[in-house]
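# Residue-level structural notes
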Amino acid sequence: MIPALLAPAPLRTAVDVETADEAGFLQDLQRALAAPPHSISPKYFYDAEGSRLFDRICELPEYYPTRTERAILSENAADIAREIGTGCDLVEFGAGSCSKVRLLLGDLRPRRYLPIDISSEHLEVSAAELEREHPGLLVLPVAGDYTSTFHLPPALAGAPRVGFFPGSTIGNFTPAEALQFLRGAARMLSGGGLLFGADLVKDPAVLHAAYNDAQGVTAAFNLNLLARANRELGADFDVDAFWHSAFYNAAAGRIEMHLVSRRHQRVALGGECYELDEGLALHTENSYKFTLDGLRRLAVQAGFRPQAVWTDPDRLFSVHWLRAPERE
Ligand code: AVI
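Throughout what follows, the structure given in this document is the object of discussion. Remember, predicted model here, so these are calculated numbers, not experimental data.

This brings us to the site of the ligand. Near the ligand there are 14 residues, and of these Tyr 63, Asn 172, Tyr 211, Glu 285 and Ser 287 occur at the shortest range. Tyr 211 is positioned such that a nitrogen or oxygen atom in its side chain is 2.5 Å from an oxygen atom of the ligand. Summarising the interface, the protein chains cover 96% of the accessible area of the ligand, which totals 340 Å² for the free molecule. At the level of secondary structure, the elements contributing two or more residues to the shell around the ligand comprise helix H2 (48-59), helix H9 (217-233) and strand E11 (281-288). Its residues assigned to classes, the shell around the ligand shows 7 nonpolar, 6 polar and 1 charged.

Further remarks concern the sheet that holds strand E7 (residues 242-249). The sheet built from 3 strands is open, its strands ordered E7-E8-E11 with antiparallel pairing. Every other strand in the sheet has two partners, leaving E7 and E11 as the edge strands with one partner each. The sheet shows a mean angle of 20° between the axes of neighbouring strands, taken without regard to direction. One ladder, built from 7 bridges, connects strand E8 (residues 254-261) with E11; its direction is antiparallel. Each residue of the ladder has a partner; that of Ile 255, found in E11, is Ser 287. Each of E7, E8 and E11 is contacted by helix H8 (residues 204-211), which is oriented at about 155° to E7, the strand it contacts most.

Reading the values: the criteria
Residues numbered from 1 in each chain as written. Predicted model: local features only at pLDDT ≥ 70, side-chain atom pairs only at ≥ 80, totals over all residues. Heavy atoms only, no water. Near = heavy atom within 4 Å. Polar contact = N/O pair within 3.5 Å; in protein donor to acceptor, adjacent residues only side chain to side chain. Areas by Shrake-Rupley, 256 points an atom, 1.4 Å probe, with all protein chains shown as cover. Helix = DSSP H or I, 4+ residues; strand = E, 2+ residues; numbered from the N terminus. Nonpolar A, V, L, I, M, F, W, Y, C, P; charged D, E, K, R; others polar. Pairing = 2+ DSSP bridges. Axes fitted to C-alpha atoms, helices over the stretch in contact; angles between N-to-C directions. Contact = heavy atoms within 4.5 Å.

Given below as structure tokens:
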């Protein structure tokens, strides 16, 4: 996943995004199979089935990030609104079903809410629901890939632009990508700021359980990447011939997910044949875990001024309010 600069660009339709994504998926998967480092971006997890599985992950007893972040947001909504101020232009990166922003809208009372998501269909439905629930709120969905270029309507005079990036999705970027994303956001949000969620370093046993749930939903989510390649790219992966591996890499401060080949096998993809040795591990995701100091340093490096931080009593998860530089 390479978060490009958040520069305004011509509006891309959802169809353009999907076609580009399919070509990218084939190319990236071929590259990952052909040679080390055998890794592919986690963005390819999220077809309709992958998104459905991710929603199930968020409900799992072992997967603490979603419910912990939701609790932080709902318990501190008034305080968050006091820090940010009401009447902003609220832009959410990767909004999905716009569920977390609902916890803030009552107190934050933005003038407009601009959810960005790759699935325009999903967005239209969520936007209409939100407008019904919050009369007076203008919801302007933006179809596009927030890690690439997208078009935002011009900023409103007197309404600072505030970004919302929950879910610790920043943890799925490499450190260089996270910095690049934050630098772009700092420019785009100048005069306003960014509210974002980040998962924290903790007991590896808690992390291990969260990514190796007893019901096997995370395993299904990981393996769906191969099933998706079969569906969309006409590949012939034997999905049962791979197992889900997720472990905490303490030196790198991240959970790693891999798909490991159970035996020597051949896979056809895009007119090519790939030989996979037994034990070959296709690296599908990193999920970085942060310290509060590390996040502060990252934010400062990107040009933000860190303000308030909210956490839960067990310090599992954190929500950060960063002020962007003033407009030049
Ligand atoms: C979306 N992202 C923050 C999730 C995470 O925890 O890194 C994706 C996920 N992967 C496995 N479980 C959840």
